[in-house]
Amino acid sequence: MTKQSESLAAVLGRIAGAARVAGRDPMSVRLVAVSKQQPVEAIRSVAQAGQRDFGESYTQEALPKIESLADLKLTWHFIGRLQGNKTRAVAERFDWVHTVDRDRIADRLNEQRPASLPPLNVCIQVQVTPEPQKAGTPPDEVEALARHILGLPRLKLRGLMCIPPAG
């Protein structure tokens, strides 16, 4: 067993234990390994150990990785703040976007998602507390954004993404 296999098994074991304590089926939990700032070889090694979902924050860093690892049929999650000028690459190359925070971004992703691909899975990023370093939709605007996304055929609303304050 490789070091990557052992590490992955340990993390999955901790996730399974936490899921059981919470009364959830461990198979209902999906681990997204954050691969930003990791070399392609390291990602390939973890993928060969069984990890299928990877999260990236920067399109310019992610696109060469996605291309280099295309033979592995991985699931790519965009987890960073999404700028309007980067939506085309994300719509074309990613499977998930966890950081939709406004109508304009949702509209651009919908317009730029190729018809040959399944709808893009999206989560609304909610700004749980007003922290200047955190982006997201204010809680009182989430319902309106959700309704907007539900009307976009190339997007599939999957849930909310919330990052609570430290502590």
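Anything mentioned here points back to the structure above.
What you see is a predicted model, and the numbers here were worked out from it, not measured in a lab.

1. Side note on the packing of aromatic side chains
- Scanning the entire structure with this criterion turns up 2 aromatic pairs.
- Both rings, one in Phe54 and one in Trp76, keep their centres 5.8 Å apart while their planes meet at 35°; by these two values the pair is tilted. Of this pair, Phe54 sits in strand E2 (residues 53-56) while Trp76 sits in strand E3 (residues 75-78), and the two are 22 residues apart along the sequence.
- Residue classification places Trp76 among the buried positions, given a relative accessible area of 3%.

2. Observations concerning the state of the cysteines
- A complete count under the given rule lists 0 disulfides for this structure.
- Cysteine Cys162 is unpaired, with the sulfur of Cys123 as its nearest cysteine sulfur at 9.4 Å.
- Judged by its relative accessible area of 41%, Cys162 falls in the partly exposed class.

3. Description of the packing of helix H5 (residues 103-112) against helix H6 (residues 142-150)
- At their nearest, the axes of H5 and H6 sit 10 Å apart, and the two run at 15° to each other. Judged by the angle between their axes, H5 and H6 are roughly parallel. Of the two elements, H5 crosses H6, and the hand of that crossing is right-handed. Of the residues in H6, those touching H5 at Asp103, Ala106 and Asp107 are Leu145, His148 and Ile149.
- Across the contact of H5 with H6, the residue classes tally to 3 nonpolar, 1 polar and 2 charged.

The rules behind each value
- Residues numbered from 1 in each chain as written.
- Predicted model: local features only at pLDDT ≥ 70, side-chain atom pairs only at ≥ 80, totals over all residues.
- Heavy atoms only, no water.
- Phe/Tyr/Trp six-rings, centres within 6.5 Å; stacked < 30°, edge-to-face > 60°.
- Helix = DSSP H or I, 4+ residues; strand = E, 2+ residues; numbered from the N terminus.
- Buried < 20%, exposed > 50% of the residue type's maximum accessible area, 1.4 Å probe, protein only.
- Disulfide = S-S within 2.5 Å.
- Axes fitted to C-alpha atoms, helices over the stretch in contact; angles between N-to-C directions.
- Parallel < 35°, antiparallel > 145°, perpendicular 65-115°, else oblique.
- Left-handed = near helix turned anticlockwise from the far one by under 90°.
- Contact = heavy atoms within 4.5 Å.
- Nonpolar A, V, L, I, M, F, W, Y, C, P; charged D, E, K, R; others polar.

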